[in-house]
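Architecture at a glance
Okay, here's what each chain looks like letter by letter:
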Amino acid sequence: MDFGGVKDFMRRSKNLGRTHVAVSALGLGAMPLSLEGRPPEDRAIALIHRALDLGVTLIDTADSYCIDERDKHHNERLIAKALSLYKGETSGVIVATKGGLMRPGGDWITNGDPRHIEKTIRESHEALGGRGPIPLWQLHAPDDRYSLSKTLKPALQAV
């Protein structure tokens, strides 16, 4: 299969939001690599490596991309492992992660409690390898029980 057109497209970059951080025009959404029916780890890592080979420099993940709470941070750990095993350059890869959802029994439940947010940011940092700050952390979903300013306070303090 000829991926030449994809490679040309991937060489295009976009600024991440209002920043001057350039990322590939297409990113890799890694959620399917960690939910029910996920591929074996070696195939998931091979897929991430192929995306990097094609020029992907933005990988999207979340603490809740897992089967349930016992599996929390699976996707972030998988991405960290794939990046550590990659033979090419990864310094320009941005891993964007999210927090604020829980997976009890496989359900998706919002949790904007600032204590939860603080804990999950710390755990995400560790799951992603613990080196340097998280390049992009996002609130997965607002929680009506907490104001956004209270929910996001731990994220602002982590900067």
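Going by the structure above, here's the rest.
What comes next concerns the included structure.

Grouped together as the largest cluster of nonpolar side chains are 17 residues, with contacts concentrated most on Ile48, Leu52, Ile59, Ile79 and Leu83. Counting residues per element, the ones that place at least two in this core are helix H2 (41–53) and helix H3 (74–85). Looking at this core element by element, the count peaks at five residues for H2. The contact partners of isoleucine 48, leaving out residues within four places of it in the chain, are Leu28, Leu33, Ile59, Leu78, Ile79 and Ala82.

A side chain of one charge can pair with a side chain of the opposite charge when the charged atoms of the two come close. In this structure the tally under the stated criterion is nine salt bridges. Between aspartate 60 and lysine 98 there is a salt bridge whose closest N-O contact spans 2.6 Å. Placement of aspartate 60 in strand E4 (residues 58–60) and of lysine 98 in strand E5 (residues 94–99) is noted, with a sequence separation of 38 residues between them. Taking the relative accessible area as the measure of exposure, aspartate 60 reaches 26% and is therefore partly exposed. Across the pair arginine 115 and aspartate 113 runs a salt bridge whose closest N-O atoms are separated by 2.8 Å. Sharing partners across several salt bridges, the network here consists of Asp63, Glu69 and Lys72.

Cut-offs used in this document
- Residues numbered from 1 in each chain as written.
- Predicted model: local features only at pLDDT ≥ 70, side-chain atom pairs only at ≥ 80, totals over all residues.
- Heavy atoms only, no water.
- Core = buried A, V, L, I, M, F, W, Y, C linked by side-chain atoms within 4.5 Å.
- Buried < 20%, exposed > 50% of the residue type's maximum accessible area, 1.4 Å probe, protein only.
- Helix = DSSP H or I, 4+ residues; strand = E, 2+ residues; numbered from the N terminus.
- Contact = heavy atoms within 4.5 Å.
- Salt bridge = Lys/Arg side-chain N within 4 Å of Asp/Glu carboxyl O.

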